[in-house]
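Working through the structure, step by step
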Amino acid sequence: MNNAFLSIESHPDSLIVNVKGQWIFDEVLALEEAVAGVLPEPGQKVTFKCAGLDNIDIAGAWVLYDCTEQLSVLEIESELVGFKAAHFKFLQHIIDVAAIREYEEPDSEPEPRHLIREKVELFGGAMSTHIEDLGAIARSILDGVRRPSLIIIGETIKQVYYTGVQAIPVVVVITFLIGIVTAHQAAGQLEKFGATVLVVDLVSISITREMGVLLAAVMVAGRSGSAFAASLGVMKLNEEVDAMRVLGLNPNQMLVIPRILGLVIALPVLTIFADIAGIAGGALIAVGSLGISGLQFVERVAFSTDLSDFYVGLVKAPVFALLIAMIGTLRGMQVRFSAEELGLKTTMAVVQSIFMIIVADALFATLFTRMGI
Amino acid sequence: MMETVIEVRDLVNSFGDQVVHDGLCLDVRRDEILGVVGGSGSGKSVLLRSILGLQKPKSGTITVLGQKIEYHQPGPSRCWGVLFQAGALLSGLTVQQNVELPIALHSDMPVETRHELASLKLLMVGLSLSVADKYPSELSGGMKKRVSLARALALEPKILFLDEPTAGLDPIGATAFDELITYLQGNLDLTVVMITHDVDSLFNTCHRIAVLVDGKVKIGTVEEILQSDHPWIKSYFGVPRAQRARLAI
Ligand SMILES: Nc1ncnc2c1ncn2[C@@H]1O[C@H](COP(=O)(O)OP(=O)(O)OP(=O)(O)O)[C@@H](O)[C@H]1O
Ligand SMILES: [Mg+2]
């Protein structure tokens with residue numbers, strides 16, 4: 001065999017491998033392939049002649065070292081000659097040190113007692129697959145680094161989880177309570193006219209058109225707008241953002257886009273949850289204390305509330321999400337020097353995004369009225 | 001004629017009316033360890049940030065390995081490694097992932113090879129593999145520095161930038177760090193630019209010293225710098241700590 005890195009001469013009792021060319025980091029893939037072609041017969045002694053090496057670095061030396069290690073596992077003798085010793089000694093040294101250290105480290109898992117042994121093993125097995133799964137996920141995210149689109153998708157899913165899934169309980173509870181409050185207030189007024197049943201109309205229309213999306217957006221601005229500003233701000237202060245640039249990564253691509261995308265996906269979904277919870281709150285009061293039957297309530301909601309009311313609420317969600325995410329990430333990226341500035345920018349992110357949500361909502365209201373929706 | 005790998009020409013940096021660099025010129029030669037010293041606020045970190053394209057200079061040009069550096073544009077990131085003053089490990093990734101990241105970004109290696117090379121780098125900087133799955137927040141300051149050095153070395157860089165690598169390390173750790181740098185530099189084709197306040201590092205490790213005074217650079221071997229009659233340089237190397245280090249060599 002003969003290629004850019006190795007040429008192999010086979011003699012009856014020895015295999016001479018001439019190592020040559022560029023044994024460097026950039027060639028590691030090709031080197032590993034080349035080394036896999038070193039296949040001595042049993043009883044042959046392998047000699048690596050390294051005089052023809054043009055260049056070698058740690059990665060290249062490691063491939064060579066690994067090859068001799070594997071041969072020694074197969075109980076085949078090998079030696080290196082004409083090698084600039086420094087790297088090899090260096091590697092040997094590192095690996096010896098590692099071996100010593102691992103030997104010295106006390107075994108972290110104590111021997112399980114016989115009685116509980118089975119349970120411990122079962123638990124351990126379950127845990128280790130768990131950890132392996134987690135590792136595989138992390139690995140796949142890391143793999144995605146090379147193809148930016150993939151890592152962006154991974155990060156975006158994470159953000160949907162943090163900003164959306166984790167916000168469901170609080171949004172549901174808040175809108176449920178607001179549904180109750182609205183129903184109570186409306187009932188107080190409408191009972192005077194004997195039009196108690198209109199409470200249902202009022203609750204379902206106000207929640208779907210306005211309150212659901214608005215409450216969800218304000219909650220998200222408080223939770224995630226501040227989280228965006230704070231986490232990006234800390235990354236700026238830690239020089240993490242600089243480190244990314246130096247490594248050749250674009251921080252905007254890696255940090256800002258996934259947050260914006262994630263929130264644009266999460267907020268509409270949260271809005272649907274909010275609408276359902278708000279109407280459920282209204283239903284609790286209507287059925288529980290206003291004497292409206294469950295069937296009547298459902299009929300009334302279907303009669304009074306168009307799908308268009310629901311859509312009017314829903315189309316606002318991505319716009320609000322965009323506002324929150326852009327203001328939050330922008331403020332975070334503006335953090336430059338101190339922890340004080342971090343606090344200031346985080347506050348600004350929340351206040352400004354809630355302000356902008358309400359301004360946008362007012363614009364939407366005017367627009368929809370003009371359009372007659 | 002020695003090859004220069006970094007060329008800084010007429011660099012001017014100022015913030016408001018405070019001029020930090022005033023027509024600074026600097027040549028870094030191939031395969032040397034250059035120590036950069038200067039008082040606090042003299043602009044060492046700003047110089048480093050300018051060279052890395054993280055800071056927009058008022059004027060002047062910077063060339064690294066023949067490539068002109070532009071603000072916030074991808075530089076020769078394949079060829080340099082940086083140890084930031086505070087480590088700057090990515091907090092969302094584990095130690096192992098932090099070291100693998102540059103390899104993943106700049107090569108097509110299969111996962112196992114990448115993993116083993118990253119482990120090798122961790123061992124090389126004197127860490128045990130038991131830290132590999134920890135997050136940066138779980139490490140001590142000195143360990144963070146080491147991980148950060150492992151990350152900087154991950155791609156076998158041609159140039160290594162170190163911003164105060166031994167600050168905050170105990171003297172034994174600092175000496176080991178210096179020895180590691182010397183060892184690496186001696187065995188690899190490596191140029192090191194090291195900002196430091198550690199006089200021991202300067203005398204024992206660096207081939208040349210660049211002193212930042214009056215917005216410019218005075219550069220030379222240790223002996224040449226000690227001969228200088230600039231008042232700041234005289235007082236810097238005249239303080240007892242520095243004299244002790246001088247006696248030690
Ligand atoms: N972004 C900035 N805006 C305003 N002034 C700045 C900025 N960055 C640095 N400076 C100023 O530039 C000067 C040089 O800062 P630099 O961080 O380079 O100092 P240094 O030499 O690294 O000091 P140290 O040894 O303390 O790290 C300081 O006076 C600092 O106040
Ligand atoms: Mg500094």
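Let me sum up the structure you'll find in this document. (Residues numbered from 1 in each chain as written. Chains lettered and ligands numbered in written order. Predicted model: local features only at pLDDT ≥ 70, side-chain atom pairs only at ≥ 80, totals over all residues. Heavy atoms only, no water.)

**Considering the overall build of chain B**
The helix and strand tally for chain B stands at 9 helices and 10 strands. Taking 2.2 N^0.38 as the reference for a compact globule, 249 residues should give roughly 18 Å; the C-alpha atoms of chain B span a radius of gyration of 18 Å, in line with that estimate. Projected onto its principal axes, the C-alpha positions of chain B cover 55 × 40 × 40 Å. When the 249 residues of chain B are sorted by exposure, 56% land in the buried category. When contacts within chain B are restricted to residue pairs at least 6 apart in sequence, long-range pairs at least 24 apart make up 64% of them. Just so you have it, chain B exposes about 10,400 Å², and 51% of that area is on carbon and sulfur atoms. Averaging the coordinates of the 24 positive side-chain charges in chain B and doing the same for the 28 negative ones gives two points 4 Å apart. (Helix = DSSP H or I, 4+ residues; strand = E, 2+ residues; numbered from the N terminus. Rg over C-alpha atoms; globule rule 2.2 N^0.38 Å. Buried < 20%, exposed > 50% of the residue type's maximum accessible area, 1.4 Å probe, protein only. Contact = heavy atoms within 4.5 Å. Areas by Shrake-Rupley, 256 points an atom, 1.4 Å probe, with all protein chains shown as cover. Lys, Arg positive; Asp, Glu negative; His and termini not counted. Charge placed at Lys NZ, Arg CZ, Asp CG, Glu CD.)

**Quick notes on the site of ligand 1**
Close contacts around ligand 1 come from 15 residues, with Gln18, Gly41, Lys44, Ser45 and Val46 of chain B the closest. Each of chains A and B places residues near ligand 1. Within the side chain of Ser45 of chain B, an N or O atom sits 2.8 Å from an oxygen atom of ligand 1. Val46 of chain B places a polar main-chain atom, nitrogen or oxygen, 2.9 Å from an oxygen atom of ligand 1. For ligand 1, whose accessible area on its own is 640 Å², the fraction buried by protein is 68%. Among the elements of the structure, β2 (18-29) and α1 (44-51) of chain B are those that each provide at least two residues to the shell around ligand 1. In terms of residue count, the dominant contributor to the shell around ligand 1 is α1 of chain B (3 residues). (Near = heavy atom within 4 Å. Polar contact = N/O pair within 3.5 Å; in protein donor to acceptor, adjacent residues only side chain to side chain.)

**What about the pairing of β2 of chain B?**
Bridging between strand β1 (residues 4-15) of chain B and β2 of chain B involves 9 bridges; their strand directions are antiparallel. Each residue of the ladder has a partner; that of Thr4 of chain B, found in β2 of chain B, is Arg29 of chain B. (Pairing = 2+ DSSP bridges.)

**Description of the packing of helix α1 (residues 28-36) of chain A against helix α2 (residues 58-73) of chain A**
What describes two packed helices is the angle between their axes and the distance between those same axes. Residues and elements named next belong to chain A. Their axes nearest at 10 Å, the elements α1 and α2 cross at an angle of 20°. Taken together, the axis directions place α1 and α2 in an arrangement best described as roughly parallel. For the pair α1 and α2, the sense of crossing is right-handed. Only Ala59, Gly60, Trp62, Val63 and Cys67 of α2 make contact with α1, whose side of the interface consists of Val28, Leu31, Glu32 and Val35. Within the contact of α1 with α2, the residues separate by chemical class into 7 nonpolar, 1 polar and 1 charged. (Axes fitted to C-alpha atoms, helices over the stretch in contact; angles between N-to-C directions. Parallel < 35°, antiparallel > 145°, perpendicular 65-115°, else oblique. Left-handed = near helix turned anticlockwise from the far one by under 90°. Nonpolar A, V, L, I, M, F, W, Y, C, P; charged D, E, K, R; others polar.)

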